[in-house]
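Coordinate analysis (summary)
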Amino acid sequence: MKNSPLRHATDMSYAAMMTDTGEWKQTACILCECNCGIEVRLGGDTGRRFERIRGDKAHPASRGYTCEKALRLDHYQNGSPRLTSPLRRRPDGSFEEIDWDTAIREVAERFAAVRDTYGGPSILYYGGGGQGNHLGGSYSGATLRALGSVYRSSALAQEKTGEFFVNAKMLGAMVRGDFEHTEVAVFVGKNPWQSHGISHARTVLKEIANDPARSMVVLDPRRTETAELADFHLRVRPGTDAFCLSAMIAVLIQERLIDRAWLADHADDLDRIEQLFGNLDVGDYAARCGVDEVLIRGATRRIAAARSAAFFEDLGVQMNVHSTLNSWLEKLLWLLTGNLGVAGGMYSPTSLVALARVDKGSGAGSGSGGARVSPVVGAQIISGLLPCNVIPDEILTDHPARYRALLVESGNPVHSLADTQRMRAAIEALDLVVVIDVAMTETARLADYILPAPSQYEKWEATFFNFEFPSNVFHLRRPVLDAPHGPLPEPEIHARLVEALGLLDPADLAPLRAAAEQGRAAFAEAFFAATAANPALGALAPIVLYRTLGPTLPDGAASAAILWGAAHRCAAGFEASVRRAGFTGDGLALGEALFDAILASPSGVTFAIDEWADVERRIGHAGGRVRLVVDELLDEFLALCTEPTGGLSDEFPLVLSAGERRAFTANTIIRDSSWRKRDGAGALRINPADATRHGIVDGGLARLTTGRSSAVVTVEITDVMQAGHVSLPNGMGLDEPDPSSVGGLVRVGTAPNDFTDNARRDPVAGTPWHKFVPARVEFVASSA
């Protein structure tokens, strides 16, 4: 498919090609995990409009590159109404404004009442940041410890925890792919042309596509933009990825294409893998997934023959049937071919603040084997995160250990999690719901209290998605605008809550404030001594740092105080990499030098430079050896050979993918639908054969029905979809102000989670099957 016109597309909007004499302020795009550096020039009648946006050439990672979505960020900052005062729900369901002192006092009192009556574990925390705002949420840990809360969840728990589980079992570390230098790029349920996830995504994809010495393999049921560029498009039937991946592994084993020498030096249990896949019927599995056996063998041989191969699995398989099993199979492909720790292969990056950790078992709600489980359902907690799909089941019950209260921060579970109707019922059943957010989200409308925060461009912020290699970059973003009167940054909200709960004695903080005024060397000595002598103070370290070190930081950067500890941990844990990045000093001086650079670098700083030899040392198992077998997944794998394919019925003969990423979708960060240049309603995409069968016309209306909901949708007919497969975009169905009525709301587009079912989830990680929702469509009208 290398004849795709995308190979020659000009990235006119991607690089900074203009010169300008106006003032430009450095920040970053917040619409995907790449967080490309951008520069913004303000203007308009108020001086607060994002008048022009361009890539920041000084950003060490993106170097002037940004995607087209970044150019629409004014719609995030200025496009929809903002919360400017704390709100309290009245008995009639409406809200009233209250002052901050009242809000903090009442919220603290009510959380404390839940804690004292039912125990701290009855309080659930959800959120902590979206694509680009992790700094404020990092202070939440102190609030949760003050409340005795031990259960938390986030969007990662409906996307990535299956992969986290497999990474922990096989590698004891997280991994990424070096696509810039790889010979063969493999994307499994991933369309980086739209979802990005790798640096300079579209540039890198075109470079691979235009280089005859390199190849691209895409495993996806849709003919995506990335698949258009691929040499091998393994166009599986929806939900059959595990069959295709298993067939590829069987080809490696049966054709003796594995890197046996590398495996002998670095991996355990190869003999068991050979037994599992040695007799697998490749032809049968190819037929089951709907991909030509010749194509499967050709793609597999190309991977095995390459000097390097980099892989990226994403939501197409991680929110699908067999999601955790798929993660294991995908990793076997690159491990069996020796693509760990080699240039152009897979690596384990440094981190300043780790978003995911390797589970070590034990803790509240421990189940068999020491694994933590949820209190009601007994769902496995992976990387400290409760599966999103079990949240309603943990609430809508008379179980004495059910959740009674919820704190939501920068999250919108009513809209973003599976089974909107059941999620809404669960939240309405709680004794207390508190939301910290910028806007009146669908979740905020159900809250008892809403605590407003500034936008991501009105405060110090950062993303913890720092996965680059060999040079890893951290970007502490400065405010582009002053915050309006009313909202408070999240660290201040958490500090006030902890203080209202009576957990911080001002007498304990006074010596630390005095030490901070003397300088950070004196502060470090005083801080480590104080927290060693008083472990309770250490448990509240984020707030302690914010209240003591924070006021001494330059330019009002108090919210960055928590990064002081992160810089020291990074310098100690990745010392050689930090020194290669140019930082010097002995003892604590190395961490201080790193922290100084973070504060002083408005376009971001390279905080670590790795070598490929570092990768093996980061494998978390004894001797740095990989464990090829994940025993917990073997029963599911062995059952594949007798599993009926299809999983559909006469009532629901189609597969709906709920939440496709498109050019103008961005989760629910942008709540102003006018930002979309096209597909404003979020059309249902359907194959021409299915449209003909149901009498549906392009641009017309159809009724989409699943086991959970039914709605009329606009239709787009396209052969991007294969027959039997339909899709809705993510981020649609938000409630926006209705211009025709005062205070009224209008829903724009169709919310995909209205159609999903929280009971349809992975048996290991509990991740939802959003990409495999049985559905049907019916003709409604020829025009919208």
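Please refer to the structure higher up on the page.
What counts, and at which threshold
- Residues numbered from 1 in each chain as written.
- Predicted model: local features only at pLDDT ≥ 70, side-chain atom pairs only at ≥ 80, totals over all residues.
- Heavy atoms only, no water.
- Helix = DSSP H or I, 4+ residues; strand = E, 2+ residues; numbered from the N terminus.
- Buried < 20%, exposed > 50% of the residue type's maximum accessible area, 1.4 Å probe, protein only.
- Pairing = 2+ DSSP bridges.
- Axes fitted to C-alpha atoms, helices over the stretch in contact; angles between N-to-C directions.
- 1 Å grid on protein atoms, 1.4 Å probe; cavity = no way out; pocket = protein on both sides within 12 Å on 5 of 7 lines; lining within 4 Å.
- Points joined across faces, edges and corners; volume = space filled by probe spheres on them.
- Nonpolar A, V, L, I, M, F, W, Y, C, P; charged D, E, K, R; others polar.
- Lys, Arg positive; Asp, Glu negative; His and termini not counted.
- Salt bridge = Lys/Arg side-chain N within 4 Å of Asp/Glu carboxyl O.
- Polar contact = N/O pair within 3.5 Å; in protein donor to acceptor, adjacent residues only side chain to side chain.
- Core = buried A, V, L, I, M, F, W, Y, C linked by side-chain atoms within 4.5 Å.
- Contact = heavy atoms within 4.5 Å.
- Parallel < 35°, antiparallel > 145°, perpendicular 65-115°, else oblique.

Turning our eyes to something else, we now look at unusual backbone geometry. Here the amide bond leading from F469 into P470 is cis, since omega sits at 0 degrees, within 30 degrees of zero. Unusually for a residue other than glycine, H196 sits at a positive phi of about 60 degrees. With respect to the element layout, H196 can be found in the loop between helix 5 (192-195) and helix 6 (201-210). With a relative accessible area of 3%, H196 lands in the buried category. In this model, S410 sits at a positive phi of 50 degrees, which is unusual for a non-glycine residue. Structurally, S410 is set in the loop between strand 15 (405-409) and helix 16 (413-416).

To continue, consider the sheet that holds strand 3 (residues 49-55). Either a parallel or an antiparallel arrangement is found when strands of a sheet pair, and the pairing is made through backbone hydrogen bonds. Taking strand neighbours across the sheet as the criterion, the three strands line up as 1-2-3 in an open arrangement whose pairing is antiparallel. This sheet does not close on itself; its edge strands, each paired only once, are strand 1 (25-28) and strand 3. Ignoring strand direction, the axes of neighbouring strands in this sheet form an average angle of 40 degrees. Where strand 1 meets strand 2 (residues 37-43), four bridges bridge the pair, whose relative direction is antiparallel. Of the residues in strand 2, the one forming a bridge with Q26 is E39.

Another point: empty space enclosed by the protein. In this structure the tally under the stated criterion is five cavities of 30 Å³ or more. Taken as a whole, the largest cavity spans an internal volume of roughly 300 Å³. Considering the residues around the largest cavity, the lining is formed by 23 residues, among which G189, R222, L315, G316 and K771 are closest to the centre. Those elements that place two or more of their residues in the lining of the largest cavity are helix 5, helix 13 (315-318) and strand 21 (654-660). Classifying every residue of the lining of the largest cavity by side-chain character gives five nonpolar, 10 polar and eight charged.

The next subject is the side chain of D762. In this fold, D762 is placed in the loop between strand 27 (745-748) and strand 28 (773-781). Despite its burial, D762 pairs with no opposite charge; the closest candidate is R761, at 9.1 Å N-O. A polar side-chain atom of D762 sits 3.2 Å from a polar atom in the side chain of S323. Looking at D762, its side chain comes within polar contact range of the side chain of T324, at 2.8 Å.

For the rest of this paragraph, the subject is the nonpolar core. Within the largest apolar cluster, 78 residues are counted, with the highest numbers of intra-cluster contacts made by F111, L352, F474, L476 and L563. In terms of residue count, helix 2 (residues 100-118) provides more of this core than any other element does, eight residues in total. With near-sequence residues (within four places) excluded, L352 lies in contact with F474, L563, A566, A567, C570, L594, I598 and F607.

The residue A566 is located in helix 23 (residues 562-573) in this model. For the pair A566 and G486, spaced 80 residues apart in sequence, the C-alpha separation works out to 30 Å. Residues within four places of A566 in sequence aside, it is in contact with L352 and V353.

It is at 9 Å that the axes of helix 11 (residues 282-289) and helix 12 (residues 293-305) come closest, and there the two elements cross at 110 degrees. Between helix 11 and helix 12, the crossing angle belongs to the class labelled roughly perpendicular. Contacts from V282, G283, A286 and C289 in helix 11 reach E293, I296 and R297 in helix 12. A breakdown of the residues in the contact of helix 11 with helix 12 according to their chemical character gives four nonpolar, one polar and two charged.

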